[in-house]
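Structural features, examined
What follows is the residue order along each chain.
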Amino acid sequence: MTEPAAGGPAPVRILVCDDHVVVRAGLLALLDSAPGIEVVGEAGTGEEALALAARLAPDVVLMDLQLGAGIDGVETTRRLTTGAPITGTPTTGAPTAGTGRAPHVLVLTTYDTDADITRAIEAGATGYLLKAERPEELFAAIHAAAQGRTALSGPVAGRVMANLRKPRPALTDRERDILAQLATGLGNREIARALFISEATVKTHLRRIYDKLGVDTRAGAVAVAKEQRLLP
């Protein structure tokens, strides 16, 4: 890491969370060469990231989405940004930063599906970058995230804008009712009983829902409905 000039701004304190040891080592080596950035810790799981963030009070957490066993990157992001103040209980002999300030989270991942992007942003992520980005783009995004400014990879920004421009499917009240029942895991017969309609009517509505959402499975319908906030 390049040391800040005398009297210059303090470096951005980074916590890196990625479950792949080799990837994490590469990121640490890369960030060590970045001006105005200081890596204060590394974590291989969401739980470890939460504990370290509580103790080290980083400015930015660089977060992967898939973290193997335990909580994933989205849930870790949600707990970091909307949970209790970051004070925590230190491990023996370790200092506690104790600032009470939640860090900004910058997602760094290989996943760029609409569902992944939506979940991360809704969880409170300040930015969303793909691992294919150039180092300069990553460094700039870290500095932007530290200031609370949104940082998105070009492809991600394009998808976000496309989704904003795309009109939501116009579902009828009955279709929304059926979709809501579908999201609870009920089968066609149970939905028919709950809504006091025939099973054949449920099947008819489901076909229309599938057509409007552009899916062909029950799971797909629920996923798209959640992504587009069509469920209550």
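Residues numbered from 1 in each chain as written. Predicted model: local features only at pLDDT ≥ 70, side-chain atom pairs only at ≥ 80, totals over all residues. Heavy atoms only, no water.

Each α-helix turn comprises 3.6 residues. Residues three or four places apart therefore point the same way. If you check which residues of helix 2 (residues 46–56) are buried, you get G46, A49, L52, A53, A54 and L56. On its buried face, helix 2 sits against strand 1 (12–17), strand 2 (37–43) and helix 3 (73–82). A57 lies just past helix 2 and shows a positive phi near 50°. (Buried < 20%, exposed > 50% of the residue type's maximum accessible area, 1.4 Å probe, protein only. Helix = DSSP H or I, 4+ residues; strand = E, 2+ residues; numbered from the N terminus. Contact = heavy atoms within 4.5 Å.)

Before going further, it helps to spend a moment on the pairing of strand 1. Along strand 1, 5 of the 6 residues are buried, which leaves the element largely enclosed by surrounding structure. Relative to strand 2, strand 1 runs parallel, the two being bridged by 6 bridges. Within the sheet, the bridge partner assigned to I14 lies in strand 2 and is V39. With helix 1 (residues 21–32) bridging strand 1 and the parallel strand 2, this β-α-β connection has right-handed handedness. Bridge count between strand 1 and strand 3 (residues 60–63): 4 bridges; the pairing is parallel. (Pairing = 2+ DSSP bridges. Right-handed = clockwise from strand over helix to strand, strands pointing away.)

Grouped together as the largest cluster of nonpolar side chains are 20 residues, with contacts concentrated most on I178, L179, L182, L206, L213 and A221. Among the secondary structure elements, those contributing two or more residues to this core are helix 7 (173–183), helix 8 (188–195), helix 9 (199–213) and helix 10 (218–227). With near-sequence residues (within four places) excluded, L179 lies in contact with L171, I209, L213, A221, A225 and L231. Core analysis: the second largest hydrophobic core is formed by 19 residues, I37, L62, L106 and L108 among them. (Core = buried A, V, L, I, M, F, W, Y, C linked by side-chain atoms within 4.5 Å.)

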